[in-house]
Amino acid sequence: PAGKPTLYGSLTRRGLRTEGVPDIAASEGFVVGEVTKKSILISCPHENVSTKFLAPYTTFCRIHQKSITCLDISSGGGLGVSTSTDGTMKIWQAANGEIRVRASGFDVVFFPSGLVVLSGGMDAQLKIWSAEDASCVVTFKGHKGGILDTAIVDRGRNVLSCSRDGTARLWDCGKSACLGVVADCGSPVNGIAVGTADNSLNLGTPEKAPSEREIGTEGKILLVAREDKKLQGVGLQSRQPVFLFVGSDAFNCCTFLSSSYILAGTQDGNIYQLDVRNTNSPIQVIHRSGAPVLSLHPYRDGFIASQGDGTCFIVQQDLDYVLDLTEADCDPVYKVASWEKQIYTCCRDGIVRRYQLSDL
């Protein structure tokens, strides 16, 4: 907690037990709980906190040669897609990291079908790719600056993007046309998320009738994580502001936990949990370190967060401990994706790590 002195301790490996599991001892004030070949549970009874450290189940080192900036896993769990600072986008087998196709992109996400991929680039273009042969099916043009994040509305007839140019835009995939600017912030938009809004929330009324090409925008709210320290909620169909929350630093990312609860992470390491029905003050602010919060991903009854100092952790309501995903060391973990009990992370060190949570 803020203002309290940090407690330091050490772990010592004393050897191996008969089943091949390390025998671990902790220094004074700390207690070693369950130890497996892939995890160690450490607690500090005096502070009533505990953390389970989980090692990757497997690592993929050959997908990219340089830092991996973004990744996603298909809805069926069979394919992964990732992008790198070398400008490449690769689609690979999630089970073994074997590369299937190569293309280019910056921010990537699978459509719900798992057959096509949406990418946004620093060239301000949004593209749709075939996951089968990496052919570019559609290109959208309209942004005036690099695209920083993308989102898909329902099954993907419409998609969203945000950019350094300060706008978030809605696009029609069938006609490859921009349906409108949902938000114009006057400040770079670092992240967006779309979700179904709580029924009690007033999303505003469109100034003019929505295009018949808008599919699935009604009842949706768009979260906009802005560089100017503001988190904004906008009615997706109405384009009307719903709320504006001012944080401690630039907002990098945001996500929905439910129709009422949202999360957003800042450059100075704060994770804000807010209720969209009343954003005057956060429900809680989680601060593990001062490193930038780079990604937030809903998971089971909680979420996964990754930061610029290599920390990546899972908070779940049904666990009385935090789960730390290890091995990134001090390299930023840029993005997290999951499929069932498998979690994938991508990192500046150019490695994709897969964690298996079957033992939880």
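- Going by the annotation in an unreviewed UniProt entry, the name recorded for the protein is Proteasomal ATPase-associated factor 1, with Corythaixoides concolor given as the source organism.
- Quoted straight from UniProt, the Sequence similarities (unreviewed entry) entry for the protein says "Belongs to the WD repeat PAAF1/RPN14 family."

A look at the sheet that holds strand β13 (residues 125-130)
And step 1. If you trace the four strands from one edge of the open sheet to the other, you get β11-β12-β13-β14, paired in antiparallel fashion. The open sheet is flanked by β11 (107-110) and β14 (136-141), the only strands paired with a single partner. Neighbouring strand axes in the sheet, compared pairwise and without regard to direction, differ in orientation by 20° on average.
And step 2. In the sheet, β11 pairs with strand β12 (residues 116-120) via four bridges, with the strands oriented antiparallel. Of the residues in β12, the one forming a bridge with Asp 107 is Gly 120.

Digging into the sheet that holds strand β9 (residues 88-93)
And step 1. Across the sheet, which stays open at both edges, the four strands sit in the order β7-β8-β9-β10 with antiparallel pairing between neighbours. If you trace the sheet from one side to the other, it starts and ends with β7 (68-73) and β10 (99-104), each paired once. Strand-to-strand twist across the sheet, computed as the mean angle between neighbouring axes with direction ignored, equals 20°.
And step 2. As defined by bridge partners, β7 adjoins strand β8 (residues 79-84) across five bridges and the pair is classed as antiparallel. From the neighbouring strand, Leu 71 faces β8, where its bridge partner is Ser 82.

Here we look at the environment of Asp 23
And step 1. Position of Asp 23 relative to the elements: it lies in strand β2 (residues 22-26).
And step 2. Residue classification places Asp 23 among the partly exposed residues on the basis of a relative accessible area of 22%.
And step 3. Those residues in contact with Asp 23 that lie beyond four places of it in its chain are Thr 12, Arg 13, Arg 14, Gly 15, Leu 16 and Arg 17.

A closer look at the pattern of salt bridges
And step 1. Across all of its chains, the model carries 13 salt bridges by this definition.
And step 2. Here Arg 277 makes a salt bridge to Asp 275, at a shortest N to O gap of 2.8 Å.
And step 3. On the basis of relative accessible area, Arg 277 is assigned to the partly exposed category, the value being 41%.
And step 4. Across the pair Arg 353 and Glu 327 runs a salt bridge whose closest N-O atoms are separated by 3.9 Å.

The rules behind these values
- Residues numbered from 1 in each chain as written.
- Predicted model: local features only at pLDDT ≥ 70, side-chain atom pairs only at ≥ 80, totals over all residues.
- Heavy atoms only, no water.
- UniProt positions renumbered as here; feature names shortened; annotations may be inferred.
- Pairing = 2+ DSSP bridges.
- Helix = DSSP H or I, 4+ residues; strand = E, 2+ residues; numbered from the N terminus.
- Axes fitted to C-alpha atoms, helices over the stretch in contact; angles between N-to-C directions.
- Buried < 20%, exposed > 50% of the residue type's maximum accessible area, 1.4 Å probe, protein only.
- Contact = heavy atoms within 4.5 Å.
- Salt bridge = Lys/Arg side-chain N within 4 Å of Asp/Glu carboxyl O.

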